[in-house]
Amino acid sequence: MTVNNPHDIILEGDDLLEKMSGLDDKLYNRVIRYLAENSKDGKVSITNEQLSGIEDILYDEIKQTDYEKNLKKYLQLFDAIEAAISLEQVALNGLKAAAIRELWNGDPLKQVLKNKVIYDLGKDGLKRYFVDGIAQAVRETSYFNLDIKSAMDVLKTKLIDDQYTKQYLKNAAMGSLAEYDGAIQDKVRVTYGFHTMVYITNTIETSRPVCTHIKDKLGGRISDTDLQKVLDEYCPGGIPNKTDYVPAKRKVKHKDGSVEFKDVMVPKGSGMVQNTFLENWSQQCGGHANGCRHRALWTV
Ligand SMILES: [Zn+2]
């Protein structure tokens, strides 16, 4: 592993999730083979006994890919980012790396955040939520005695067209490294009584209103008092502002593959996470979906 700053580690995590997303074709092909093996007169016909083994068949298919290898790498990034944050705090705030390790190791949130990812992306969570969703669709094709062609269509829509794996990984893990980073930053703020927030990002066309406001209008380095004022305006009482509109850009992908940024009006709180407060700002500042990849650090 060559990455050594938190930002790059977050990007590497996104890359790994992207690699792990490439399961749809494989699972679809396996399911189609399974349906073909279990059909009668051109219709899906699977006994309950056979159906009970479908989860294992699908999980075995996942095991034959690089998924587990990439997952292992992904989980290692949590340790890597913690180490990188420690070094960053040495440089930014003159703290001792060991002090960061100690305060974060003593926080139960550390295990909560890690365990959620380990569960959702590991064998147990995959079988319970991810594989089960596909198995359920297969069961229904048998229950409704669909002809093979219709069954294939149903599963193609679910797996390929709707990007089943990508959606699962997005819901389960996208932004989890950034949240882990943010949770440490919030802990540092409380522990050392820091009052200045440093917003690290290069805003992009699709950055959310709150990001462009803090970075481009306020210069990216503001006091906690000023951050509270921003939140009162963009996310009052922890609820994203949906009534006041500001200009923004929306990315539009055309059918020929070209990309255009359209001028639109969006609510001030668009893209913000419910229950965002000053106290959890570093963790909840969100925006992972639109690619801004900002980070919120604290200093004196
Ligand atoms: Zn942002």
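Reading the values: rules and limits
- Residues numbered from 1 in each chain as written.
- Predicted model: local features only at pLDDT ≥ 70, side-chain atom pairs only at ≥ 80, totals over all residues.
- Buried ≥ 20, exposed ≤ 12 C-beta atoms within 10 Å, placed from the backbone.
- Helix = DSSP H or I, 4+ residues; strand = E, 2+ residues; numbered from the N terminus.
- Arc of directions from axis to C-beta.
- Contact = placed C-beta atoms within 7 Å.
- Core = buried A, V, L, I, M, F, W, Y, C linked by C-beta atoms within 7 Å.
- Pairing = 2+ DSSP bridges.
- Axes fitted to C-alpha atoms, helices over the stretch in contact; angles between N-to-C directions.

A. Quick peek at helix 10 (residues 164–173). The set of residues buried in helix 10 consists of Tyr164, Thr165, Tyr168, Leu169 and Ala173. End-on view of helix 10: buried residues confined to an arc of 120 degrees, all on one side of the axis. Turned more than 90 degrees off the buried face of helix 10, the exposed positions are Gln167 and Asn171. Those residues of helix 10 that are buried lie in contact with helix 1 (6–20), helix 2 (24–37), helix 7 (108–121), helix 8 (123–143), helix 9 (148–161) and helix 11 (176–192).

B. Main features of the nonpolar core. Val31, Leu58, Ile81, Ile134 and Leu177 are the most contacted members of the largest nonpolar core, which totals 61 residues. The leading source of residues in this core is helix 5 (residues 67–93), at 7 residues.

C. A look at the sheet that holds strand 7 (residues 295–299). Strand order in the open sheet formed by 3 strands is 4-3-7, and the pairing between neighbours is antiparallel. The strands lining the two open edges of the sheet, one partner per strand, are strand 4 (221–223) and strand 7. Taken over all neighbouring pairs, the strand axes of this sheet differ in orientation by 30 degrees on average, direction set aside. Two strands pair when backbone bridges link them, and strand 3 (residues 196–200) and strand 7 are joined in this way by 5 bridges, in the antiparallel orientation.

D. Inspection of the environment of Leu297 at higher detail. Within the secondary structure, Leu297 sits in strand 7. Residue Leu297 is classed as buried on the basis of its C-beta count, with 24 C-beta atoms lying within 10 Å. For the pair Leu297 and Ser282, spaced 15 residues apart in the sequence, the C-alpha separation amounts to 6.9 Å. Residue contacts for Leu297: discarding those within four places in its chain leaves Leu92, Gln185, Val198 and Ile200.

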